[in-house]
Amino acid sequence: MNRWQQTDRTEEIIKNRIAANVPESKIVNKKIDKAYEKIRAMQAAAETASGRQSAQNAHRQTNKRTGGPAGTTAKSGGSSKGKTAARYTTAAALFLAAVLFLMKNPALAAQLPFIGHIFKELEQEVSYPGDYSENAITLADETESADNGQAREENQGQKNAPSSYQATSGGVTVTLSEMTYDSNAIYLALLIENQNGFAADAQSHDSMYLECRTDMYKADNTKETFSDEYGNSLAYMTEGTFTDSHTFKGLVQLTGSGLRLSDYTGCDITFLKFIQELDTGTRLTDTLPGETETISYIEYDRQTYDGPWTFHLDFTDARDMERETPVNKTNDQGFGIEKVVKTEYELYAEPILPAGAEPADYVVTIWDAEGKPLESHGNSLEIRSIYGRDVSRVTIYILTWDDFMECKGTNSYRQPEKAVFEITVDLTK
């Protein structure tokens, strides 16, 4: 097909797609608004140019009638005016046609550049919502895509790879779009492009499991490694959306018990594999250790995409985003709260327990200023999300594990009566 045949075919596709009914796309709506803004700007420019040309023509006609300056020749303004209007009108029409074509093709619309905007789109949709886009650092360039993935794969072992925020392995390109962090967690926005396509029969349409290794570096050049191998991995899943069969964009929260980013100057994050659990599987039977009853379960098949994809992040310019409010109150039984810690996205309280008490036997819950329990943030039970909540004043409860299990979810209203300790803290002071 030559270029002209391809143009004719494109026009035919546009006409056919315009007649189709498809769901609205927020991304496309924004693009349409921008398209109309450009068209209005084009029209204004055309009117200005036409007005200027008309004035010049009138001046020439006047000079001609009155014997104006030598060399002045009166020309018809119609031709120039028509060309100017036609030029801007044609450009506007082509631009709008392209937008309409995308509007009728949601799959193509999903391919519109979104590097640097993934947090904004997904930050309310994940299980650990937050205003990540407000403090996000854009890492990769919008012009980067998987088209030059082969070159990146060939340079994977080189220090000066084409992009330090893109890596390719096995036909899968991972791009770090954005990052943000608070005192005890790193949040990443990922774009994953699979040359061979993702599994069509996966159980989840908005997440993938992952395995990763994180090497955290300290100022004295020593490092601490977090991974599945050591049982302390900082992440196990990416949540987001498949924009088509070859593209996934999602967020990853890297956090762990006792993790404090201020202890480190940077890290290397290596995604070892991404995993989709499929609808198919094998039914198995087994006996739990120490039990005689046989249980039956399904071991689901998996589609695995092997890496590695390695990225370096620098914390040397990281600012302290943590605020501590001392409490240091206890009751007669020895239960109490040492302090409340508020970060950019989270809130948690450090408990005081009686001598000999096991921390695993107790749970700290926090209610907001409106008397509603804060939800857990990600995979940490006692770290609470503050997204969209009034935490100027909070009430903190300590419950035994058994009482917490009975008084969570729809039964959370029972937490005050079951608590072994309760205190209200003003966080505005």
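Coordinates for the structure precede this section.
Quick notes on the rules
Numbers given for residues are sequential positions, taken from 1 along each chain in its written order. Local features in this predicted model are restricted to residues whose pLDDT is 70 or higher, and side-chain atom pairs enter the listing and the counts only when it is 80 or higher, whereas totals over whole chains, interfaces and linings include all residues. Computation of side-chain values covers all heavy atoms of the structure but excludes hydrogens and water. DSSP calls a pair of strands paired once it identifies at least 2 bridges connecting them. Each helix is a run of H or I in the DSSP string that is no shorter than four residues. Each strand is a run of E no shorter than two, and both are numbered from the N terminus. For every element, the axis is a line fit to its C-alpha atoms; helices are fit only across the contacting stretch, and the angle between N-to-C directions ranges from 0 to 180 degrees. Only residues above 30% relative accessible area that lack a salt bridge enter a patch, with like-charged residues linked at up to 9 Å and the nonpolar side chains Val, Leu, Ile, Met, Phe, Trp and Tyr linked at up to 5 Å. Accessibility throughout is a Shrake-Rupley quantity obtained with a 1.4 Å probe, and a residue counts as covered only by protein chains that appear here. Every case where a carboxyl oxygen of Asp or Glu lies within 4 Å of a side-chain nitrogen of Lys or Arg is listed as a salt bridge. When charges are tallied, Lys and Arg are placed among the positive residues and Asp and Glu among the negative ones, while His and the ends of the chain are skipped. By convention, the charge on Lys lies at NZ, on Arg at CZ, on Asp at CG and on Glu at CD. Per-residue accessibility, obtained with a 1.4 Å probe over protein chains only, is compared with the maximum for each type, and a residue is labelled buried under 20%, exposed over 50%, and partly exposed between these values. Definition of a polar contact: a pair of N or O atoms within 3.5 Å, with one able to donate and the other able to accept a hydrogen when the atoms are protein atoms, and with sequence-neighbouring residues admitted only if both atoms are side-chain atoms. The contact definition used throughout considers only heavy atoms, calling two residues in contact when any of these lie within 4.5 Å. Aromatic pairing here means that ring centres of Phe, Tyr or Trp (its six-membered ring) are within 6.5 Å. Orientation follows from the plane angle: under 30 degrees is stacked, over 60 is edge-to-face, and everything else is tilted. Only when the NZ atom of a Lys or the CZ atom of an Arg is both within 6 Å of the ring centre and within 35 degrees of the ring normal do we say a charge sits over the ring.

Caption draft 1: Quick peek at the sheet that holds strand S18 (residues 421–426). Across the sheet, which stays open at both edges, the three strands sit in the order S14-S17-S18 with antiparallel pairing between neighbours. Where the open sheet ends on each side, the last strands, each with one partner, are strand S14 (362–367) and S18. Recorded for the sheet is a direction-independent mean angle of 20 degrees between the axes of neighbouring strands. In the sheet, S14 pairs with strand S17 (residues 393–400) via six bridges, with the strands oriented antiparallel. Across the sheet, Val364 pairs through a bridge with Ile398, a residue of S17.

Caption draft 2: Seen up close, a negative patch on the surface. Taken together, the side chains of Asp201, Asp279, Glu299 and Asp301 define an acidic patch exposed on the protein surface. Note that Asp279 resides in strand S9 (residues 266–287).

Caption draft 3: Just the side chain of Glu178, in detail. Within the secondary structure, Glu178 is located in strand S3 (residues 172–182). Buried and without a salt bridge, Glu178 has Lys249 as its closest oppositely charged side chain, separated by 9.4 Å. For Glu178, the side chain forms a polar contact with the main-chain nitrogen of His117, separated by 3.3 Å. In this structure Glu178 touches Gly116, His117, Ile118, Phe119, Ala136, Ile137, Thr138, Leu139, Tyr187, Leu188 and Ala189, once residues within four positions along its chain are discounted.

Caption draft 4: Spatial organisation of the environment of Ile295. Position of Ile295 relative to the elements: it lies in strand S10 (residues 294–314). Since its relative accessible area comes to 33%, Ile295 is described here as partly exposed. Every residue in contact with Ile295, bar those within four places of it in the chain, is listed here: Leu284, Thr285, Asp286 and Leu288.

Caption draft 5: Representation of the packing of aromatic side chains within the structure. All chains considered together, the criterion is met by 14 aromatic pairs. A centroid spacing of 5.4 Å and a plane angle of 80 degrees characterise the contact between Tyr187 and Tyr345, whose relative ring orientation is edge-to-face. Residue Tyr187 is found in strand S4 (residues 185–194), and its partner Tyr345 is found in the loop between strand S12 (336–342) and strand S13 (346–352); the two are separated by 158 residues along the sequence. Taking the relative accessible area as the measure of exposure, Tyr187 reaches 1% and is therefore buried. The residue whose ring lies beneath Arg302 is Tyr209, and the NZ or CZ to ring-centre distance is 5.7 Å.

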